[in-house]
Amino acid sequence: MNRFDNFIAGEWVQGSGTRPNVNPSDTRDIIGDYAQADAVQTGHAIAAAAAAAPTWAASTPQQRFDVLDAVGSELLARREEIGRLLSREEGKTLPEGIGEAHRAAMIFKFFAGEALRAGGETLASVRLGVGVEVLRQPVGVVGLIAPWNFPIAIPAWKIAPALAYGNCVVFKPAELVPGCGWTIADILSRSGLPRGVFNLVMGAGSQVGQAMVDSPLVKAVSFTGSVGVGRRIIASCAQRQAKVQAEMGGKNPLVVLDDADLAVAVNAAVQGAYYSTGQRCTASSRFIVTEGIHDAFVDGVVAKLRALKVDNALLDGTDIGPVVDERQLAQNLKYVEIGRQEGGELAFGGEVLERATPGFYQRPALFTGTTNAMRISREEVFGPVANVVKARDYDEALAIANDTEFGLSAGLCTRSLKHATHFKLHAQAGMVMVNLPTAGVDYHVPFGGSKGSSYGPREQGTYAREFYTTVKTAYSAAG
Ligand code: NAD
(Lines give C-alpha, C1' and ligand atoms only; values in the text may rest on other atoms or scores of the structure.)
Protein backbone atom coordinates (compact mmCIF):
# COMPACT_ATOMS: atom_id res chain seq x y z
CA MET A 1 0.00 0.00 0.00
CA ASN A 2 1.41 3.32 -1.04
CA ARG A 3 -1.46 5.47 0.18
CA PHE A 4 -0.88 8.41 2.48
CA ASP A 5 -3.79 9.84 4.44
CA ASN A 6 -4.62 13.15 6.05
CA PHE A 7 -4.12 13.55 9.80
CA ILE A 8 -7.14 15.13 11.50
CA ALA A 9 -8.08 15.18 15.20
CA GLY A 10 -5.38 12.62 15.99
CA GLU A 11 -6.58 10.11 13.34
CA TRP A 12 -5.36 9.17 9.88
CA VAL A 13 -8.28 9.68 7.51
CA GLN A 14 -8.82 9.19 3.79
CA GLY A 15 -9.65 12.17 1.61
CA SER A 16 -12.36 12.45 -1.01
CA GLY A 17 -9.79 11.29 -3.58
CA THR A 18 -6.05 10.82 -4.04
CA ARG A 19 -3.36 12.42 -6.15
CA PRO A 20 -0.17 10.70 -7.34
CA ASN A 21 3.12 12.23 -6.23
CA VAL A 22 5.32 12.06 -9.36
CA ASN A 23 9.14 12.12 -9.43
CA PRO A 24 10.15 14.92 -11.86
CA SER A 25 13.47 13.15 -12.55
CA ASP A 26 11.63 10.03 -13.72
CA THR A 27 7.93 10.42 -14.39
CA ARG A 28 7.44 6.63 -14.34
CA ASP A 29 8.26 6.69 -10.63
CA ILE A 30 5.17 7.36 -8.48
CA ILE A 31 6.17 8.01 -4.87
CA GLY A 32 2.68 7.35 -3.58
CA ASP A 33 -0.97 8.35 -3.73
CA TYR A 34 -1.72 11.20 -1.35
CA ALA A 35 -5.16 11.98 0.09
CA GLN A 36 -6.95 15.02 -1.28
CA ALA A 37 -9.28 16.74 1.15
CA ASP A 38 -12.20 18.91 0.16
CA ALA A 39 -13.52 22.00 1.94
CA VAL A 40 -15.75 19.90 4.23
CA GLN A 41 -12.89 17.76 5.48
CA THR A 42 -10.77 20.88 5.93
CA GLY A 43 -13.59 22.18 8.12
CA HIS A 44 -13.26 19.06 10.31
CA ALA A 45 -9.54 19.75 10.75
CA ILE A 46 -10.20 23.39 11.64
CA ALA A 47 -12.86 22.36 14.17
CA ALA A 48 -10.48 19.81 15.73
CA ALA A 49 -7.78 22.47 16.04
CA ALA A 50 -10.25 24.93 17.60
CA ALA A 51 -11.37 22.30 20.12
CA ALA A 52 -7.73 21.59 21.09
CA ALA A 53 -6.74 25.26 21.33
CA PRO A 54 -7.44 25.83 25.05
CA THR A 55 -5.49 22.68 26.02
CA TRP A 56 -2.41 23.53 23.98
CA ALA A 57 -2.52 27.20 25.00
CA ALA A 58 -2.29 25.96 28.60
CA SER A 59 0.61 23.54 27.91
CA THR A 60 3.89 24.13 29.71
CA PRO A 61 7.05 25.30 27.98
CA GLN A 62 8.54 21.91 28.86
CA GLN A 63 5.76 20.04 26.98
CA ARG A 64 6.30 22.23 23.92
CA PHE A 65 10.08 21.85 24.14
CA ASP A 66 9.82 18.07 24.38
CA VAL A 67 7.62 17.77 21.28
CA LEU A 68 9.68 20.13 19.12
CA ASP A 69 13.00 18.72 20.28
CA ALA A 70 11.85 15.16 19.55
CA VAL A 71 10.75 16.15 16.03
CA GLY A 72 14.11 17.87 15.45
CA SER A 73 16.01 14.80 16.66
CA GLU A 74 14.06 12.41 14.44
CA LEU A 75 14.45 14.65 11.38
CA LEU A 76 18.17 14.84 12.08
CA ALA A 77 18.55 11.08 12.50
CA ARG A 78 16.57 10.43 9.29
CA ARG A 79 17.92 13.33 7.22
CA GLU A 80 19.45 11.13 4.50
CA GLU A 81 16.23 9.16 3.98
CA ILE A 82 14.00 12.26 4.16
CA GLY A 83 16.43 14.21 1.97
CA ARG A 84 16.15 11.45 -0.63
CA LEU A 85 12.34 11.62 -0.50
CA LEU A 86 12.58 15.39 -0.91
CA SER A 87 14.85 15.11 -3.95
CA ARG A 88 12.62 12.42 -5.40
CA GLU A 89 9.45 14.48 -5.15
CA GLU A 90 10.81 17.98 -5.84
CA GLY A 91 13.84 17.41 -8.04
CA LYS A 92 16.59 19.26 -6.17
CA THR A 93 19.82 17.28 -5.97
CA LEU A 94 20.44 14.77 -3.20
CA PRO A 95 22.97 16.97 -1.31
CA GLU A 96 20.47 19.84 -1.53
CA GLY A 97 17.64 17.57 -0.32
CA ILE A 98 19.65 16.23 2.61
CA GLY A 99 20.79 19.76 3.45
CA GLU A 100 17.19 20.94 3.55
CA ALA A 101 16.12 18.04 5.79
CA HIS A 102 18.99 18.94 8.13
CA ARG A 103 17.89 22.56 8.14
CA ALA A 104 14.31 21.55 9.03
CA ALA A 105 15.70 19.60 12.00
CA MET A 106 17.66 22.66 13.17
CA ILE A 107 14.53 24.82 12.88
CA PHE A 108 12.60 22.47 15.19
CA LYS A 109 15.54 22.47 17.64
CA PHE A 110 15.71 26.27 17.55
CA PHE A 111 12.00 26.67 18.31
CA ALA A 112 12.19 24.01 21.02
CA GLY A 113 14.53 26.46 22.78
CA GLU A 114 12.27 29.41 21.97
CA ALA A 115 9.35 27.64 23.63
CA LEU A 116 11.29 27.89 26.90
CA ARG A 117 12.07 31.56 26.38
CA ALA A 118 8.61 32.69 25.24
CA GLY A 119 7.98 35.29 27.91
CA GLY A 120 6.45 38.76 27.89
CA GLU A 121 7.68 41.94 29.54
CA THR A 122 7.20 43.68 32.85
CA LEU A 123 7.50 47.46 32.93
CA ALA A 124 7.22 50.10 35.58
CA SER A 125 4.02 52.11 35.18
CA VAL A 126 4.15 55.87 34.76
CA ARG A 127 1.62 55.90 37.62
CA LEU A 128 2.63 55.33 41.21
CA GLY A 129 1.40 52.04 42.67
CA VAL A 130 0.57 50.44 39.32
CA GLY A 131 2.32 47.51 37.59
CA VAL A 132 2.26 46.83 33.85
CA GLU A 133 2.82 43.51 32.12
CA VAL A 134 2.92 42.87 28.40
CA LEU A 135 1.67 39.31 27.92
CA ARG A 136 2.33 37.19 24.85
CA GLN A 137 -0.53 34.79 24.21
CA PRO A 138 -1.19 32.22 21.46
CA VAL A 139 -3.23 33.42 18.51
CA GLY A 140 -5.38 30.25 18.47
CA VAL A 141 -5.85 28.22 15.29
CA VAL A 142 -3.33 29.05 12.57
CA GLY A 143 -3.61 27.99 8.93
CA LEU A 144 -0.25 27.24 7.30
CA ILE A 145 -0.02 27.12 3.49
CA ALA A 146 3.26 26.08 1.85
CA PRO A 147 4.67 26.18 -1.71
CA TRP A 148 6.41 23.30 -3.48
CA ASN A 149 9.97 24.58 -3.75
CA PHE A 150 11.11 23.93 -0.15
CA PRO A 151 9.02 20.88 0.76
CA ILE A 152 10.39 20.53 4.31
CA ALA A 153 12.14 23.75 5.34
CA ILE A 154 9.13 26.02 4.78
CA PRO A 155 6.66 23.70 6.55
CA ALA A 156 9.20 23.48 9.41
CA TRP A 157 9.60 27.24 9.74
CA LYS A 158 5.84 27.66 9.98
CA ILE A 159 4.86 24.60 12.08
CA ALA A 160 7.65 24.82 14.69
CA PRO A 161 7.03 28.41 15.83
CA ALA A 162 3.25 27.94 15.65
CA LEU A 163 3.46 25.07 18.15
CA ALA A 164 6.23 26.68 20.24
CA TYR A 165 4.02 29.70 20.99
CA GLY A 166 0.99 27.55 21.90
CA ASN A 167 -1.09 27.61 18.71
CA CYS A 168 -3.01 24.78 17.05
CA VAL A 169 -2.18 24.06 13.44
CA VAL A 170 -3.96 23.20 10.22
CA PHE A 171 -1.20 22.63 7.69
CA LYS A 172 -1.51 22.30 3.92
CA PRO A 173 1.54 21.29 1.88
CA ALA A 174 1.74 22.09 -1.83
CA GLU A 175 -0.02 19.65 -4.15
CA LEU A 176 3.22 18.72 -5.96
CA VAL A 177 5.24 17.75 -2.86
CA PRO A 178 3.04 16.28 -0.11
CA GLY A 179 5.60 13.63 0.91
CA CYS A 180 7.78 15.75 3.19
CA GLY A 181 4.78 17.41 4.84
CA TRP A 182 3.25 13.99 5.42
CA THR A 183 6.53 12.86 7.02
CA ILE A 184 6.47 15.77 9.48
CA ALA A 185 2.85 14.88 10.31
CA ASP A 186 3.85 11.25 10.86
CA ILE A 187 6.61 12.28 13.27
CA LEU A 188 4.29 14.72 15.08
CA SER A 189 1.60 12.02 15.35
CA ARG A 190 4.03 10.04 17.58
CA SER A 191 5.34 13.03 19.54
CA GLY A 192 2.83 13.16 22.40
CA LEU A 193 0.84 16.14 21.10
CA PRO A 194 -2.79 16.14 22.28
CA ARG A 195 -5.25 15.25 19.51
CA GLY A 196 -6.26 18.12 17.26
CA VAL A 197 -3.23 20.30 18.05
CA PHE A 198 -1.66 19.48 14.69
CA ASN A 199 -3.64 18.58 11.56
CA LEU A 200 -2.40 17.77 8.07
CA VAL A 201 -4.81 18.46 5.23
CA MET A 202 -3.49 17.72 1.75
CA GLY A 203 -5.33 18.87 -1.34
CA ALA A 204 -5.98 21.69 -3.79
CA GLY A 205 -5.37 25.32 -2.89
CA SER A 206 -8.80 26.26 -4.21
CA GLN A 207 -10.45 23.77 -1.80
CA VAL A 208 -8.28 23.23 1.26
CA GLY A 209 -6.37 26.52 1.21
CA GLN A 210 -9.44 28.60 0.48
CA ALA A 211 -11.42 26.91 3.28
CA MET A 212 -8.63 27.81 5.73
CA VAL A 213 -8.50 31.40 4.52
CA ASP A 214 -12.28 31.80 4.79
CA SER A 215 -12.90 30.09 8.15
CA PRO A 216 -13.68 32.45 11.04
CA LEU A 217 -12.10 29.85 13.36
CA VAL A 218 -8.69 30.34 11.72
CA LYS A 219 -7.24 33.38 13.47
CA ALA A 220 -4.04 33.68 11.43
CA VAL A 221 -2.86 32.52 8.01
CA SER A 222 0.80 32.10 7.10
CA PHE A 223 1.23 31.76 3.36
CA THR A 224 4.27 31.30 1.13
CA GLY A 225 3.77 31.14 -2.62
CA SER A 226 3.02 33.23 -5.67
CA VAL A 227 2.11 36.91 -5.71
CA GLY A 228 -1.32 36.38 -7.29
CA VAL A 229 -2.54 33.87 -4.70
CA GLY A 230 -0.84 35.75 -1.85
CA ARG A 231 -2.53 39.05 -2.63
CA ARG A 232 -5.96 37.41 -2.70
CA ILE A 233 -5.28 35.73 0.64
CA ILE A 234 -4.10 39.02 2.18
CA ALA A 235 -7.32 40.74 1.02
CA SER A 236 -9.58 37.93 2.31
CA CYS A 237 -7.87 37.84 5.70
CA ALA A 238 -7.97 41.62 6.06
CA GLN A 239 -11.68 41.55 5.26
CA ARG A 240 -12.40 39.32 8.24
CA GLN A 241 -9.63 40.81 10.43
CA ALA A 242 -7.52 37.66 10.62
CA LYS A 243 -3.76 37.99 11.01
CA VAL A 244 -1.90 37.28 7.79
CA GLN A 245 1.71 36.85 6.76
CA ALA A 246 2.63 36.31 3.10
CA GLU A 247 6.02 35.58 1.55
CA MET A 248 5.80 35.78 -2.22
CA GLY A 249 7.85 36.18 -5.37
CA GLY A 250 11.12 37.88 -6.20
CA LYS A 251 13.16 39.25 -9.11
CA ASN A 252 16.38 39.35 -7.19
CA PRO A 253 19.31 41.36 -8.52
CA LEU A 254 22.99 40.49 -8.21
CA VAL A 255 25.09 43.59 -8.86
CA VAL A 256 28.66 42.96 -10.03
CA LEU A 257 31.05 45.93 -10.01
CA ASP A 258 34.32 46.34 -11.91
CA ASP A 259 36.31 45.93 -8.70
CA ALA A 260 34.74 42.56 -7.79
CA ASP A 261 36.80 39.40 -7.41
CA LEU A 262 35.76 37.72 -10.68
CA ALA A 263 35.77 34.17 -9.31
CA VAL A 264 33.66 35.19 -6.31
CA ALA A 265 31.18 36.99 -8.57
CA VAL A 266 30.89 34.11 -11.06
CA ASN A 267 30.39 31.59 -8.23
CA ALA A 268 27.79 33.75 -6.53
CA ALA A 269 25.96 34.20 -9.83
CA VAL A 270 25.90 30.53 -10.82
CA GLN A 271 25.11 29.31 -7.30
CA GLY A 272 22.43 31.93 -6.70
CA ALA A 273 20.68 31.78 -10.06
CA TYR A 274 20.83 28.16 -11.15
CA TYR A 275 21.26 25.78 -8.23
CA SER A 276 18.05 24.11 -7.04
CA THR A 277 17.13 24.56 -10.73
CA GLY A 278 16.59 28.29 -10.09
CA GLN A 279 13.46 27.40 -8.14
CA ARG A 280 14.20 29.50 -5.08
CA CYS A 281 12.32 32.66 -4.20
CA THR A 282 15.72 34.18 -3.37
CA ALA A 283 17.35 33.07 -6.66
CA SER A 284 19.20 35.80 -8.56
CA SER A 285 17.53 36.36 -11.87
CA ARG A 286 18.99 39.71 -12.91
CA PHE A 287 22.75 40.18 -13.10
CA ILE A 288 23.47 43.92 -13.17
CA VAL A 289 27.06 44.26 -14.28
CA THR A 290 29.27 47.30 -14.83
CA GLU A 291 30.96 47.69 -18.18
CA GLY A 292 34.60 46.97 -17.24
CA ILE A 293 33.93 43.46 -15.92
CA HIS A 294 30.94 42.61 -18.14
CA ASP A 295 32.60 40.45 -20.79
CA ALA A 296 34.84 38.54 -18.37
CA PHE A 297 31.83 37.92 -16.09
CA VAL A 298 29.68 36.61 -18.95
CA ASP A 299 32.52 34.36 -20.17
CA GLY A 300 33.04 33.04 -16.64
CA VAL A 301 29.34 32.28 -16.09
CA VAL A 302 29.00 30.57 -19.48
CA ALA A 303 32.10 28.45 -18.82
CA LYS A 304 30.68 27.32 -15.48
CA LEU A 305 27.23 26.63 -16.94
CA ARG A 306 28.82 24.52 -19.67
CA ALA A 307 30.43 22.34 -17.00
CA LEU A 308 27.26 21.80 -14.94
CA LYS A 309 25.71 18.37 -15.05
CA VAL A 310 21.94 18.54 -15.49
CA ASP A 311 20.42 15.15 -14.77
CA ASN A 312 18.36 12.94 -12.47
CA ALA A 313 18.40 14.55 -9.01
CA LEU A 314 19.25 11.25 -7.32
CA LEU A 315 22.38 10.52 -9.37
CA ASP A 316 25.84 11.12 -7.94
CA GLY A 317 27.44 14.18 -9.46
CA THR A 318 24.26 15.90 -10.65
CA ASP A 319 24.57 19.67 -10.17
CA ILE A 320 21.12 20.69 -11.40
CA GLY A 321 18.07 18.47 -11.16
CA PRO A 322 14.92 18.69 -13.27
CA VAL A 323 12.30 21.42 -13.28
CA VAL A 324 9.49 20.50 -10.88
CA ASP A 325 6.78 19.69 -13.46
CA GLU A 326 5.57 20.09 -16.99
CA ARG A 327 3.74 23.34 -16.29
CA GLN A 328 6.78 25.03 -14.78
CA LEU A 329 8.94 23.80 -17.67
CA ALA A 330 6.45 25.29 -20.15
CA GLN A 331 6.62 28.59 -18.25
CA ASN A 332 10.44 28.60 -18.35
CA LEU A 333 10.45 27.89 -22.10
CA LYS A 334 7.88 30.62 -22.65
CA TYR A 335 10.19 33.14 -20.94
CA VAL A 336 13.18 31.99 -23.00
CA GLU A 337 11.07 32.73 -26.08
CA ILE A 338 9.93 36.09 -24.68
CA GLY A 339 13.56 37.00 -23.96
CA ARG A 340 14.50 36.24 -27.57
CA GLN A 341 11.57 38.17 -29.01
CA GLU A 342 12.37 41.18 -26.84
CA GLY A 343 15.85 41.28 -28.41
CA GLY A 344 17.88 39.57 -25.69
CA GLU A 345 20.82 37.46 -26.87
CA LEU A 346 20.72 33.88 -25.63
CA ALA A 347 24.38 33.45 -24.64
CA PHE A 348 23.82 29.93 -23.35
CA GLY A 349 21.28 27.16 -22.83
CA GLY A 350 17.53 27.33 -22.37
CA GLU A 351 16.69 24.17 -24.31
CA VAL A 352 14.97 21.00 -23.13
CA LEU A 353 17.32 18.06 -22.50
CA GLU A 354 16.73 14.32 -22.87
CA ARG A 355 18.19 12.13 -20.16
CA ALA A 356 18.18 8.37 -19.45
CA THR A 357 15.06 8.75 -17.31
CA PRO A 358 12.03 10.69 -18.58
CA GLY A 359 11.85 14.01 -16.71
CA PHE A 360 11.61 17.79 -17.08
CA TYR A 361 15.22 18.66 -17.86
CA GLN A 362 16.28 22.10 -19.05
CA ARG A 363 19.74 23.51 -19.69
CA PRO A 364 20.32 26.66 -17.59
CA ALA A 365 19.83 29.79 -19.70
CA LEU A 366 21.76 33.08 -19.74
CA PHE A 367 20.64 36.14 -21.70
CA THR A 368 22.89 39.09 -22.43
CA GLY A 369 22.12 42.45 -24.05
CA THR A 370 18.92 42.89 -22.06
CA THR A 371 17.44 45.98 -20.46
CA ASN A 372 15.61 46.27 -17.19
CA ALA A 373 12.43 47.24 -19.03
CA MET A 374 12.09 43.83 -20.68
CA ARG A 375 9.62 41.30 -19.33
CA ILE A 376 12.40 38.83 -18.48
CA SER A 377 13.83 41.54 -16.18
CA ARG A 378 10.51 42.32 -14.54
CA GLU A 379 8.54 39.08 -14.16
CA GLU A 380 9.46 36.12 -11.96
CA VAL A 381 10.31 33.08 -14.13
CA PHE A 382 11.04 30.71 -11.23
CA GLY A 383 13.40 28.53 -13.24
CA PRO A 384 17.06 28.34 -14.35
CA VAL A 385 16.87 31.50 -16.47
CA ALA A 386 18.82 34.71 -15.79
CA ASN A 387 19.75 37.79 -17.76
CA VAL A 388 22.53 40.36 -17.75
CA VAL A 389 21.81 44.10 -17.74
CA LYS A 390 24.79 46.43 -18.28
CA ALA A 391 25.26 49.43 -15.99
CA ARG A 392 27.67 52.39 -16.21
CA ASP A 393 28.63 52.54 -12.56
CA TYR A 394 27.53 51.65 -9.02
CA ASP A 395 24.88 54.38 -8.85
CA GLU A 396 23.20 53.26 -12.04
CA ALA A 397 23.48 49.60 -11.02
CA LEU A 398 21.78 50.31 -7.68
CA ALA A 399 19.00 52.24 -9.41
CA ILE A 400 18.40 49.31 -11.79
CA ALA A 401 18.52 46.80 -8.92
CA ASN A 402 15.83 48.77 -7.08
CA ASP A 403 13.70 49.33 -10.18
CA THR A 404 11.38 46.36 -9.55
CA GLU A 405 8.10 45.72 -7.79
CA PHE A 406 9.80 43.02 -5.71
CA GLY A 407 12.23 43.23 -2.79
CA LEU A 408 13.17 39.85 -1.39
CA SER A 409 16.95 39.47 -1.69
CA ALA A 410 19.64 41.62 -3.33
CA GLY A 411 23.34 40.89 -3.80
CA LEU A 412 26.49 42.89 -4.52
CA CYS A 413 29.95 41.69 -5.53
CA THR A 414 32.62 44.28 -4.88
CA ARG A 415 35.89 44.89 -3.02
CA SER A 416 34.76 48.38 -2.07
CA LEU A 417 33.77 48.83 1.56
CA LYS A 418 32.12 52.11 0.64
CA HIS A 419 29.81 50.52 -1.92
CA ALA A 420 29.11 47.47 0.24
CA THR A 421 28.10 49.71 3.14
CA HIS A 422 25.94 51.90 0.91
CA PHE A 423 24.28 48.87 -0.70
CA LYS A 424 23.35 47.32 2.66
CA LEU A 425 21.55 50.53 3.53
CA HIS A 426 19.96 51.37 0.18
CA ALA A 427 19.17 48.11 -1.61
CA GLN A 428 15.38 47.82 -1.41
CA ALA A 429 15.18 44.22 -0.21
CA GLY A 430 14.50 42.32 2.99
CA MET A 431 17.80 40.46 2.70
CA VAL A 432 21.10 41.83 1.38
CA MET A 433 24.14 39.74 0.49
CA VAL A 434 27.68 41.04 -0.05
CA ASN A 435 30.03 38.78 -2.02
CA LEU A 436 27.58 35.91 -1.49
CA PRO A 437 24.79 34.39 -3.60
CA THR A 438 21.36 36.00 -3.13
CA ALA A 439 20.02 32.57 -2.08
CA GLY A 440 21.23 30.71 1.01
CA VAL A 441 20.14 31.95 4.43
CA ASP A 442 20.54 31.02 8.10
CA TYR A 443 17.70 29.47 10.09
CA HIS A 444 18.00 31.53 13.28
CA VAL A 445 17.51 35.03 11.88
CA PRO A 446 14.52 36.76 10.28
CA PHE A 447 13.62 35.86 6.72
CA GLY A 448 11.46 37.97 4.45
CA GLY A 449 11.25 40.72 1.89
CA SER A 450 10.02 44.22 1.23
CA LYS A 451 7.82 45.87 -1.43
CA GLY A 452 5.71 43.37 -3.43
CA SER A 453 7.56 40.31 -2.08
CA SER A 454 6.21 40.20 1.45
CA TYR A 455 3.42 41.25 3.72
CA GLY A 456 3.11 41.08 7.48
CA PRO A 457 5.60 40.21 10.22
CA ARG A 458 8.83 38.36 9.46
CA GLU A 459 9.24 34.60 9.62
CA GLN A 460 12.02 32.71 11.45
CA GLY A 461 14.33 33.46 14.31
CA THR A 462 12.98 35.21 17.38
CA TYR A 463 11.04 37.53 15.01
CA ALA A 464 8.55 34.71 14.34
CA ARG A 465 7.03 35.49 17.75
CA GLU A 466 5.40 38.63 16.37
CA PHE A 467 3.10 36.64 14.09
CA TYR A 468 2.44 33.62 16.29
CA THR A 469 1.48 35.54 19.44
CA THR A 470 -0.96 38.29 20.32
CA VAL A 471 -0.11 40.98 22.81
CA LYS A 472 -2.16 41.82 25.88
CA THR A 473 -1.27 44.67 28.21
CA ALA A 474 -2.24 43.97 31.81
CA TYR A 475 -2.31 46.68 34.53
CA SER A 476 -2.68 45.98 38.21
CA ALA A 477 -2.65 48.07 41.35
CA ALA A 478 0.43 47.22 43.33
CA GLY A 479 -1.11 46.71 46.64
P1 NAD B 1 1.26 29.01 -5.38
O2 NAD B 1 0.86 30.39 -5.00
O3 NAD B 1 0.71 28.45 -6.62
O4 NAD B 1 0.86 27.99 -4.22
C5 NAD B 1 1.30 28.14 -2.90
C6 NAD B 1 0.34 27.42 -1.97
O7 NAD B 1 -0.91 28.11 -1.98
C8 NAD B 1 0.04 25.98 -2.40
O9 NAD B 1 -0.05 25.16 -1.25
C10 NAD B 1 -1.31 26.12 -3.07
O11 NAD B 1 -2.07 24.95 -3.04
C12 NAD B 1 -1.96 27.20 -2.21
N13 NAD B 1 -3.10 27.88 -2.83
C14 NAD B 1 -3.37 28.02 -4.15
N15 NAD B 1 -4.55 28.69 -4.31
C16 NAD B 1 -5.01 28.98 -3.07
C17 NAD B 1 -6.15 29.66 -2.57
N18 NAD B 1 -7.07 30.17 -3.39
N19 NAD B 1 -6.30 29.78 -1.25
C20 NAD B 1 -5.38 29.29 -0.39
N21 NAD B 1 -4.28 28.63 -0.80
C22 NAD B 1 -4.08 28.48 -2.12
O23 NAD B 1 2.87 29.00 -5.37
P24 NAD B 1 3.85 27.78 -5.76
O25 NAD B 1 3.82 27.65 -7.25
O26 NAD B 1 3.59 26.60 -4.91
O27 NAD B 1 5.26 28.35 -5.30
C28 NAD B 1 6.07 29.15 -6.11
C29 NAD B 1 5.99 30.60 -5.67
O30 NAD B 1 6.31 30.68 -4.28
C31 NAD B 1 6.98 31.50 -6.37
O32 NAD B 1 6.34 32.71 -6.71
C33 NAD B 1 8.04 31.77 -5.30
O34 NAD B 1 8.75 32.97 -5.45
C35 NAD B 1 7.22 31.75 -4.06
N36 NAD B 1 8.03 31.49 -2.89
C37 NAD B 1 8.27 32.52 -2.02
C38 NAD B 1 9.06 32.33 -0.91
C39 NAD B 1 9.33 33.45 0.04
O40 NAD B 1 9.66 33.19 1.18
N41 NAD B 1 9.19 34.70 -0.37
C42 NAD B 1 9.61 31.06 -0.66
C43 NAD B 1 9.35 30.03 -1.55
C44 NAD B 1 8.55 30.26 -2.66
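So, how was this worked out
Residues numbered from 1 in each chain as written. Predicted model: local features only at pLDDT ≥ 70, side-chain atom pairs only at ≥ 80, totals over all residues. Heavy atoms only, no water. Helix = DSSP H or I, 4+ residues; strand = E, 2+ residues; numbered from the N terminus. Rg over C-alpha atoms; globule rule 2.2 N^0.38 Å. Buried < 20%, exposed > 50% of the residue type's maximum accessible area, 1.4 Å probe, protein only. Contact = heavy atoms within 4.5 Å. Areas by Shrake-Rupley, 256 points an atom, 1.4 Å probe, with all protein chains shown as cover. Lys, Arg positive; Asp, Glu negative; His and termini not counted. Charge placed at Lys NZ, Arg CZ, Asp CG, Glu CD. Salt bridge = Lys/Arg side-chain N within 4 Å of Asp/Glu carboxyl O. Core = buried A, V, L, I, M, F, W, Y, C linked by side-chain atoms within 4.5 Å. Pairing = 2+ DSSP bridges. Axes fitted to C-alpha atoms, helices over the stretch in contact; angles between N-to-C directions. Near = heavy atom within 4 Å. Polar contact = N/O pair within 3.5 Å; in protein donor to acceptor, adjacent residues only side chain to side chain. Domains from an automatic or database assignment.

A. A look at the overall build of the protein. In terms of helices and strands, the protein carries 15 helices and 23 strands. Over its C-alpha trace the protein gives a radius of gyration of 23 Å, about what one expects of a compact globule, namely 23 Å for 479 residues. Dimensions of the protein, computed from the C-alpha atoms along their principal axes, are close to 75 × 65 × 40 Å. Burial statistics for the protein: of 479 residues in total, 57% are counted as buried. Counting only contacts in the protein whose residues sit at least 6 apart along the sequence, the fraction spanning at least 24 positions is 72%. A total accessible area of about 18600 Å² is found for the protein, and carbon and sulfur atoms account for 53% of it. Taking the 45 positively charged and 48 negatively charged side chains of the protein as two groups, their mean positions are separated by 4 Å.

B. Quick look at the pattern of salt bridges. Enumeration according to the criterion identifies 21 salt bridges in this entry. Between Arg-3 and Asp-5 there is a salt bridge, with its nearest N and O atoms 2.9 Å apart. A relative accessible area of 12% means that Asp-5 is categorised as buried. For Glu-114, the salt bridge is made with Arg-117, and the minimal N-O distance between the two is 3.0 Å. Within this pair, Glu-114 and its partner Arg-117 are both found in helix H4 (residues 94-117), separated by three residues, close to a single helical turn. Judged by relative accessible area, which is 8%, Glu-114 ranks as buried. Bridged by salt links that share partners, the residues Glu-74, Arg-78, Glu-81, Asp-186 and Arg-190 form one connected network.

C. Looking closely at the nonpolar core. Judged by nonpolar contacts, the single largest core of 89 residues is most densely connected at Leu-75, Phe-108, Phe-111, Ile-159, Leu-163, Leu-188 and Phe-198. When residues no more than four places from it in sequence are discounted, the contact partners of Phe-111 are Leu-68, Ala-160, Pro-161, Ala-164, Tyr-165, Gln-460, Gly-461 and Ala-464. Core analysis: the second largest hydrophobic core is formed by 29 residues, Ala-268, Val-289, Ala-386 and Cys-413 among them.

D. Here's a closer look at the sheet that holds strand E13 (residues 252-256). Strand order in the open sheet formed by seven strands is E15-E18-E19-E14-E13-E20-E21, and the pairing between neighbours is mixed. Edge positions in the sheet fall to strand E15 (345-348) and strand E21 (431-434), since each of these pairs with one other strand and no more. Each adjacent strand pair in this sheet contributes to an overall mean axis angle of 25°, direction not counted. Both E15 and strand E18 (residues 365-370) contribute to a ladder of three bridges, which runs antiparallel. Paired with Leu-346 across the bridge in E18 is Phe-367. Each of E15, E18 and strand E19 (385-391) is contacted by helix H11 (residues 326-341), which is oriented at about 25° to E18, the strand it contacts most. On the sheet, helix H14 (residues 417-426) packs against E13, strand E20 (409-413) and E21 and is oriented at approximately 175° with respect to E20.

E. Here's a closer look at the site of the ligand. Around the ligand lies a shell of 27 residues, among which Ala-146, Glu-175, Ser-226, Met-248 and Glu-380 are the nearest. Between the ligand and Gly-225, the relevant distance is 3.3 Å, taken from an oxygen atom to a main-chain nitrogen or oxygen of the residue. Glu-380 places a side-chain nitrogen or oxygen 2.6 Å from an oxygen atom of the ligand. About the coverage of the ligand: the protein hides 89% of its 850 Å² of free accessible area. Elements with a minimum of two residues in the shell around the ligand: helix H7 (205-214), strand E11 (218-224) and helix H8 (227-239). Per-element tally for the shell around the ligand: the top contributor is H7, with three residues. Two domains each put at least three residues into the shell around the ligand: domain 1 (3-248 + 453-477) and domain 2 (252-434).

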